[in-house]
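Chain by chain, the residues run as shown.
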Amino acid sequence: MKSTQWTPFQPVSASITRGGLPVGALNGVRSRRLVAVCLDLILVSILSLVLWTGLLVLTFGLSLLLLPPLFPFVAFFYNGLSVSGPRMATFGMRAADLEMRLEGSGGRVPFINAAVHAVLFYVSWMFPPVFLLSLVTADKRCLHDILSGVIFVRRI
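Residues numbered from 1 in each chain as written. Predicted model: local features only at pLDDT ≥ 70, side-chain atom pairs only at ≥ 80, totals over all residues. Heavy atoms only, no water.

What should I look at first to understand helix α1 (residues 29-58) in this one?
An α-helical segment advances 3.6 residues per turn. Residues three or four places apart therefore align on the same side. Between its first and last C-alpha, α1 extends 42 Å over 30 residues, near the 44 Å set by a 1.5 Å rise per residue. Listed as buried for α1 are V29, R33, A36, D40, V44 and S48. Residues of α1 that are buried in the fold lie against α2 (70-83), α3 (91-95), β1 (98-102), α4 (111-124), α5 (143-148) and β2 (150-154). With its phi angle positive at about 55 degrees, F60 sits one or two positions after the end of α1. (Helix = DSSP H or I, 4+ residues; strand = E, 2+ residues; numbered from the N terminus. Expected span 1.5 Å × (residues − 1). Buried < 20%, exposed > 50% of the residue type's maximum accessible area, 1.4 Å probe, protein only. Contact = heavy atoms within 4.5 Å.)

Next up, the structure:
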């Protein structure tokens, strides 16, 4: 018996390609991801600065030595909480019309996968040639996407 239940990841009217992705789900993903990363870096920097200033004032300067590694913590929770939320995207991803999904099932990304993806993304900045992998993979995924088990698609 054929299932007629519709899911957002597999629309009934669109033809389905490899891995259950609708046609056009990967169009323009690389360029949109660059825009999303720039917007998210600006937002995380602003959040970090506001939190850093607030903690500096609240502790009368006593926490000055503990606050420099604040950016990675803010980025970790920003990515983890926003991607695992109901919209499945950070603010930059939403502005670029992207969402992050689990690779195999196309379902919502759990917090731990989203947070690990963020950590691996920032570690990848130490080895920039790793980003070139997205040029040779069919589904336009970088190494940190593959290791965390996620895929970026256009919002459908």
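I keep staring at the pairing of β2 and nothing clicks. Help me out?
In regular strands, side chains alternate between the two faces of the sheet. In terms of burial, β2 is largely enclosed, as four of its five residues are buried. Pairing analysis gives five bridges linking β1 to β2, with the strands arranged antiparallel. Within β2, the residue paired with L102 across the bridge is V150. (Pairing = 2+ DSSP bridges.)

What's the story with α2 in this structure? I'm lost.
With 14 residues, α2 should cover 20 Å at 1.5 Å per step; its first-to-last C-alpha distance of 20 Å lies within 8% of that length. On its buried face, α2 sits against α1, α3, β1 and α4.

Can you walk me through the packing of aromatic side chains in this structure?
The relation between two aromatic rings is expressed through the spacing of the ring centres and the mutual angle of the planes. This model, assessed by the stated rule, comprises nine aromatic pairs. In textbook terms, an aromatic cluster arises when at least three aromatic residues are bridged by ring pairs, as seen for F71, F121, Y122, W125 and F131. (Phe/Tyr/Trp six-rings, centres within 6.5 Å; stacked < 30°, edge-to-face > 60°.)

Before we go on, may I ask you to explain the environment of F91 in this structure?
Its place among the elements puts F91 in helix α3. Since its relative accessible area comes to 48%, F91 is described here as partly exposed. Beyond its immediate stretch of four places on either side in the chain, F91 contacts D40, L43 and Y78.

Sorry if this is basic, but what is going on with the packing of α1 against α2 here?
For the pair α1 and α2, interaxial distance at closest approach is 9 Å and the crossing angle is 120 degrees. When the interaxial angle is binned, α1 and α2 end up oblique. Here the hand of the crossing between α1 and α2 comes out right-handed. In this structure, α1 contributes D40, L41, L43, V44, S45, L47, S48, L51 and W52 to the contact, and α2 contributes L70, F71, V74, A75 and Y78. Among the residues making up the contact of α1 with α2, the classes are represented as 11 nonpolar, two polar and one charged. (Axes fitted to C-alpha atoms, helices over the stretch in contact; angles between N-to-C directions. Parallel < 35°, antiparallel > 145°, perpendicular 65-115°, else oblique. Left-handed = near helix turned anticlockwise from the far one by under 90°. Nonpolar A, V, L, I, M, F, W, Y, C, P; charged D, E, K, R; others polar.)

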